[in-house]
Every structure is written in C-alpha cells, then in structure tokens.
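Topology and contacts: notes
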Amino acid sequence: MPGSAAITKFKKDVDNRMKGGVTIVVLGASGDLAKKKTFPALYALFQNKFLPEKTQIVGYARTKMDCAEFHKRVSSHLKSDDPTNDQNIKDFLNICHYVAGQYDQEEYWQKLDKFIEDLETKQSLKKEQKNRIFYMALPPSVFVSVTSGLKKYVYSKEAITTVVIEKPFGKDLESCNALLDDIKQLFKEEEVYRIDHYLGKELAKNIMSVRFANMIFSPLWDATHIDFIQITLKESFGTEGRGGYFNEFGIIRDVMQNHLLQLMSLVAMERPISRDSEAIRDEKVKVLRCVKPITIEDSLLGQYVKNGDKPGYLDDDSVPKDSLCATFAALVLWIDNERWANVPFILKAGKALDNTKVEIRIQFKKSPGSLFCNVPRNELVFIVQPGEAMYMKFNNKSPGFSDETMITELDLTYKNRYKNLKIPEAYETLILDVMRGDHSNFVRDDELGAAWRIFTPLLHQIEKDKIKPEPYPYGSRGPEKLNEFVGKYGIERLAHDNYQWPLQQLEN
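Quick caveat: nothing in here was measured; it's all calculated off a predicted structure. (Residues numbered from 1 in each chain as written. Predicted model: local features only at pLDDT ≥ 70, side-chain atom pairs only at ≥ 80, totals over all residues. Heavy atoms only, no water.)

With that settled, the discussion passes to the packing of helix α5 (residues 106-122) against helix α6 (residues 143-154). Viewed as axis vectors pointing N to C, α5 and α6 meet at an angle of 50 degrees, and their least axial separation amounts to 9 Å. Our classification of the angle between α5 and α6 gives oblique. For the element pair α5 and α6, the recorded crossing hand is right-handed. Judged by residue contacts, Glu106, Trp109, Gln110, Leu112, Asp113 and Ile116 of α5 engage Ser145, Val146, Gly149, Leu150, Tyr153 and Val154 from α6. Its residues assigned to classes, the contact of α5 with α6 comprises seven nonpolar, three polar and two charged. (Axes fitted to C-alpha atoms, helices over the stretch in contact; angles between N-to-C directions. Helix = DSSP H or I, 4+ residues; strand = E, 2+ residues; numbered from the N terminus. Parallel < 35°, antiparallel > 145°, perpendicular 65-115°, else oblique. Left-handed = near helix turned anticlockwise from the far one by under 90°. Contact = heavy atoms within 4.5 Å. Nonpolar A, V, L, I, M, F, W, Y, C, P; charged D, E, K, R; others polar.)

Here you go:
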C-alpha cells in the first residue's frame, strides 16, 4: 500500500507521545465549524485507527442538549468508508460525549474537569495517559476567557495539555499582540497550536518537496528567472448566511492575511537547515519580515452586486446597507531581499466570482533573443483545490512536418497519476500532527506578528479613509479594473490562462 510506512510511523509517533490515551475536548461543539470540519476529521482518524486506543471525545458548548441530540448533530456530517456498514459511526459516537456550560463561569469549568476525570477513571488511565487536547472551534471574542478557564480548572495535572486555536488571530497587529500576550501568560508556546487549515492541504504540503527535493528548480527560483507570482483564491458563492460575521472582517482578514500569505511564505522562503518544525518556521518568519507593508496604490478592492437572480452583498439583511466591506481584493506584495527583488507577488481573493479554485501561478520571464521571441511564457502552476494538480506549461515543436511551436504541459493531476488515491482532509492531517507534537504546519507567535505588520497599515487606511470598493457582478472575474490593475506590473492575462489541456488533434 503506498504510504504504508509513513502511516505506521505516524501511528507510532502518536502512541509514543500520547502513551495510548487522550481526551479531546471540542469547545464550541454545537457550531458549524465543529460539526462540518472538526468531528468529521476526528471520525476519519478514528476509522483509520490513528486515535490512541483509550480516546474519549467531549463536546462542550453553551447550547443545552442531551447526548442523543449531540450524536445526531455530529453524525449528520460523518462519512463512512463503507456506506453499507454504519458500525464504525456507532463505535465513534460511543466515545463522544457532551457537556453544556458557559465560557466565563468557574463552576462550569469545574464541572467539565470533573466529567473528564470521571472518564479517565472509568478507562483506568495511567498517569502518563491523562493527556488533554482542547480544540477551540470558537470566535476570538471568547479566546481569553476560555483559555483562562482551561488553565485554571481543566489543565491536565499529570500529562500533556495541548490547546488548538482557530483563526482569526486578532484583527490587526495591536489586537494580535494583545491576544498573544494573554495566551503566553497561560500556556507555553509548545503547548499552543494555531491552526491554519491551508497548511494541511496536500499541495501546500508539497511545495517544500517540489522546491527543495528537485535540483531542476533550485537555480530558477529567483528574480533572475521569475517574472511574477500570483496566488488566487476564488469562491463562486457569496456570503449567504454569514454576511454579518463577514462584515466584521472582510476578505483581507478572512483569507488573505492568513491562508494566502501562508502559501506565499512557502513559495518564497529560503531553504530550511532541516525538516524540523522550528527550522521551517524560522525561514517563514525571516521572509515575512522582508515583505514591505502593502500600500493603497498596490491594492484593488471590490464588492459584489446583484446579477440576475443572484443577490448583491448589500442585499443580505444582516449587512449594513452602507457597508464598505470588501468581498474581493487584489494586493501586490514586495519582498525586499536578494532572491525576490522587484518580483510582484499578487494575492487575489474574492467571493461570488466565476468559479471556485485556489491556485499558485509562477510565471517565468520571456524567452530572450529573437529565435522564439513570440512564444508564450513558461508557467509552473499548483492547483491547491479543487482536484489537486501541478502542471508546467512549456513550448514544444508541433509534431509532424510543422516547425511551429505549440504550448503544451507536463501534467501531474493526482487523480490520474495515483491509483487508489485518498487524500486526507486538511483538518485530519493537522489534528494528527497535534497528537504527534509536530508544529511544522502551525503558525508560531512571531510569525503572526510578522504577518500582521504587512497588512495592518493598509487595513487602517481603508477604514480611516472609508475607501469604497469597486462593484462587480455576482459570477464575474471581479472588478472591471482588474486587468488594468495587474497590467501596471507588466502582467498580461494570456489567452491560454484557462486552457483545459484536452488531447490535441494534430493536422496531417
């Protein structure tokens, strides 16, 4: 079985660290994130026998409900490897429990601690097996009160305690630093895992392998050969159902300061001295500290409007009618170091666009000289989602009598290349990393500060000057000014950008 050695190693890593026992507490267990992402990931790990033998899962939230109702909510998003046999789901639900309580009252934290202690006693856990993982599927407004309650009343007194925190990590540099300081007073940095689920995606995890395990790319990965890099996140749906929440953060805080910047740091960082988690995170911090703060001149903001039967952002009843919240942004980042001098990194993200995808597009410089002066540029493209793939666009002589060149591709589409392919969801790999104690794919405290330093001046200027976003129709590519904006940086939208690479019919 492909990867079986790695699977065995991961299971051994978990067992060595957890000693065969753990209690996983999902805080915010009644919310959408827990229901749609956290519990399905835990179930997938359970099915594949990654969880320690003596594992118990406790959901904690303010919602009052009995265990039967909780199990019904959890099971609504679980998918079994064998749809004809639901015994796995039943077995999983048997280790899932629910405790209702508040986030700011000590009596409820004491109740939760007593509940966990009773579970540990029933399982006859040894001292070193009384590990506790707290997964905070919660809004940032309660982070401090929750971590305070956990540390004071529910901290494991005999084994490993781990806290997993979901984004957003603040709203700007100041609020981020305040949050970091509050949590530092409660937990050691090695106990905290700040999760950005894009770091668990297969293609994101493959960037380092492509860059540093292939000698062919090493001499090409710099400003001498690369013209620009685009990192794009498109969603074909709007903010339906969460307009009020989105209005508080906007597209930049929602996906660009975190998801897209993480992808950029993996593309741009220097080679780490080892594959150790801290060596990797050291290099990410170094390159982020070289990024200049984004200026308003290097940004384009948009907000989607009604198109046919598709509502505009302001049509959402939970959104203020005078909202200037951006649902689209194109931002240009500049890295002030020798490798990337004068190479624009263009981050684009938007909702209600023409399709859904996340991709990294690395475009090389034009071929010099006049021998093949009009051929298209080479591009290396990572398709992060949907449908993991990588391809390299290159110019090839058209087969046969012709001496014309044609653009073609070296194509690695995962579903076509790998048999019996089953790529785990990002949350599965990240929760597994938490149990293994591997911080490689999590965000360190100084990395957060370096990231917010890049975006905070722009965000403050947008809010202070009340900059109005450009309208764009629901289902379009974005604002009408997009081509003009990227054109300022010498970028042309090539005719083959959306080429689907069919088999090509050659003329006789």
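Our focus in this paragraph is unusual backbone geometry. With an omega of 5 degrees, the peptide bond running from Lys167 to Pro168 counts as cis. Take Pro168: it is sitting in the loop between β5 (161-166) and α7 (173-184). Of note, the amide linkage connecting Gln385 to Pro386 takes the cis form, showing an omega dihedral of -10 degrees. Relative to the helices and strands, Pro386 resides in the loop between β12 (379-385) and β13 (389-397). Phi is positive for Asn342, close to 70 degrees, though the residue is something other than glycine. By secondary structure assignment, the location of Asn342 is in the loop between β9 (328-334) and β10 (344-350).

Turning our attention to the layout of surface pockets. Computed from the structure, the second largest pocket encloses a volume of approximately 1,800 Å³. The wall of the second largest pocket is formed by 44 residues, among which Ala6, Phe10, Glu202, Lys205 and Thr429 lie closest to the centre. Of all the elements in the fold, those that place two or more residues in the lining of the second largest pocket are α1 (4-18), α8 (202-212), α10 (277-289) and α12 (426-436). Element by element, the count of residues in the lining of the second largest pocket is highest for α8, at seven residues. In terms of residue class, the lining of the second largest pocket is built from 22 nonpolar, nine polar and 13 charged. (1 Å grid on protein atoms, 1.4 Å probe; cavity = no way out; pocket = protein on both sides within 12 Å on 5 of 7 lines; lining within 4 Å. Points joined across faces, edges and corners; volume = space filled by probe spheres on them.)

Bringing helix α13 (residues 445-464) into the picture now. With 20 residues, α13 extends 28 Å between its outermost C-alpha atoms, agreeing within 8% with the 28 Å of an ideal straight helix rising 1.5 Å per residue. Among the residues trailing α13, Lys466 stands out with phi positive, at a value near 50 degrees. (Expected span 1.5 Å × (residues − 1).)

Before going further, it helps to examine helix α9 (residues 243-268). The largest bend along α9 measures about 90 degrees and falls at Gly250. Here α9 lies mainly inside the structure; 22 of its 26 residues are buried. (Bend = angle between axes of the 7 residues up to and from the residue. Buried < 20%, exposed > 50% of the residue type's maximum accessible area, 1.4 Å probe, protein only.)

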